[in-house]
Amino acid sequence: MAAADTNGAGERREPLRLGGMALRNGLLIHGPTHWAAAVRRPDGTIAVASERKPELAPGLVARVPGLRGPVRLVEAMAVLPLARRRLPEARLPFEDGRVLAALAAALLATSALRRGRPSALREAVVQAVGALPAAVALLDRDLAAYHGVEHKAIAAHERAAAGVGVEKIAAVPKEHDRCGSNLVVPLMLLSAAGTVLLERLVEQPGHLARGLTGLAAVSIAVEMFAWSDRHHGEPLAEAFHTPGREIQRLLATKEPTPGQLEVGAAALAEIIRAEGA
C-alpha cells in the first residue's frame, strides 16, 4: 500500500479502517464509530445518509478474542434496519424472491440431511447447501458489481488515506483480502467438524448445543481471519486467503459501471465526513 498522509505536525496519519456491505442499488460502509450509505434512486439521483453505529458491548470487541467476532457480526447486522429507515430507497441483498425461496429450500434440505447418520460427508453437503442463498443473491449482477465497488472504494481509501474520486476507485482490483468471503471455507470446515464431533459425543444434541457449536466455529474463523490480516504475505496467511480470493474472482464480485463507481465514491465521501477524518 502507498504511504498514508501526514497531519500538520508531520506525524503519519493512518487511514480509517473501513468495512462494508454491498446493496442491490448501492453501498453501505462501516467506519470505527459511524456507518454511511449511498444508493441510486430510480430517477437516477444518488441518496446518501449516515448515522452513529450501535455498540452492543463497548470495549468487548477489543478485549475478548473469542467474542469479538460474533459481536462485530451482530453490530453489523444491527446497522441494516437503521440504514433502511434513513434510506427507504435502499434494497438489501436478501430482498429478492429467488433469494428467499433459496433460503427456504436450504433450511428444508438442511433439516432433512441432519436426520441422517453424522459424517463428514453429510456435514460438507449441509454446509454447501447453506451457502446456496448467498450464491443465488450474487447472480444479481448489480449486487455483485456493488460488492466490487465496496472493495475498490475501501482499497482506494487505504492507499490514499484521503478522499478519493471515481478514477482512483476504478483503478484498484475488485478483490480485497478483508472480504467476508475469506471466512466461507474456514467456517464451513469448522462448522462441519464441530457438528460431527458434537453428534458423536452427545446423543440427539439440542438447539442450544448446536448453537454454541456454531458460535464457536464463527469465533475461531474470525480469529483466524484476524491473524491472517496481521501476517499478510506469510505462507499460512496466503493459504487462508486463497479460497476467498477465488470466490471473489469467480463469483462474488463483478467489475462495476462508472455509475456504480460514482455511488461508491459518494458513500466513501460520506463515511469520511461522518467520522470527521
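Residues numbered from 1 in each chain as written. Predicted model: local features only at pLDDT ≥ 70, side-chain atom pairs only at ≥ 80, totals over all residues. Heavy atoms only, no water.

A tally of helices and strands in the protein yields 11 helices and four strands. Within the span of the protein, comprising 277 residues, buried residues form 44% of the whole. Contacts spanning at least 24 positions in sequence make up 64% of the contacts within the protein whose residues lie at least 6 apart. In the form shown here, the protein has an accessible surface area of approximately 14,200 Å², with 64% of it arising from carbon and sulfur atoms. (Helix = DSSP H or I, 4+ residues; strand = E, 2+ residues; numbered from the N terminus. Buried < 20%, exposed > 50% of the residue type's maximum accessible area, 1.4 Å probe, protein only. Contact = heavy atoms within 4.5 Å. Areas by Shrake-Rupley, 256 points an atom, 1.4 Å probe, with all protein chains shown as cover.)

Averaged over all residues, the pLDDT of the protein is 86; the fraction at 70 or higher stands at 90%. Scored below 50 in pLDDT, residues 1-12 makes 19 contacts in the model with residues more than four places away or belonging to other chains. (pLDDT = per-residue confidence, 0-100.)

What follows is about the packing of aromatic side chains. Aromatic ring pairs: the centre-centre distance and the angle between the two ring planes describe each pair. In the structure shown here, the tally under the stated rule is one aromatic pair. An angle of 50° between the planes, with centres 6.3 Å apart, marks the rings of Phe-225 and Phe-240 as tilted. Residue Phe-225 is found in helix H9 (residues 207-230), and its partner Phe-240 is found in helix H10 (residues 235-252); the two are separated by 15 residues along the sequence. Neither Phe-225 nor Phe-240 differs from the other in exposure class; each is buried. (Phe/Tyr/Trp six-rings, centres within 6.5 Å; stacked < 30°, edge-to-face > 60°.)

With seven bridges connecting them, strand S3 (residues 34-40) and strand S4 (residues 46-52) associate as antiparallel partners. Looking at the pairing, Val-39 lines up with Ala-47 of S4. Hairpin connection of S3 to S4: five residues between the antiparallel strands, including Gly-44 at a positive phi of 95°. (Pairing = 2+ DSSP bridges.)

Attention now goes to the sheet that holds S3. Taken together, four strands build an open sheet; the order of strands is S1-S2-S3-S4 and the sheet is antiparallel. Of all the strands in the sheet, just strand S1 (19-22) and S4 have a single pairing partner and so form its edges. Neighbour-to-neighbour, the strand axes of the sheet open up by a mean angle of 15°, direction not taken into account. Of the pairings in the sheet, the one linking S1 to strand S2 (residues 26-30) comprises four bridges and is antiparallel in character. Bridging across to S2, Gly-19 finds its partner in His-30. Sheet contacts for helix H6 (residues 141-160): S1, S2 and S3; angle to S1, the most-contacted strand, approximately 165°. Running over the sheet, helix H11 (residues 258-275) touches S2, S3 and S4 and is turned about 155° from S3. (Axes fitted to C-alpha atoms, helices over the stretch in contact; angles between N-to-C directions.)

This next bit is on the nonpolar core. Ranked by internal contacts, the top residues of the largest apolar core, which has 31 residues, are Leu-18, Leu-27, Ile-29, Val-164, Ile-169, Leu-268 and Ile-271. When residues of this core are traced back to their parent elements, those giving at least two are S2, S3, H6 and H11. Among the elements that make up this core, the one with the highest residue count is H6 (nine residues). In terms of nonpolar packing, the next biggest core, distinct from the first, is built from 15 residues, Ala-37, Val-79, Leu-80 and Ala-83 among them. (Core = buried A, V, L, I, M, F, W, Y, C linked by side-chain atoms within 4.5 Å.)

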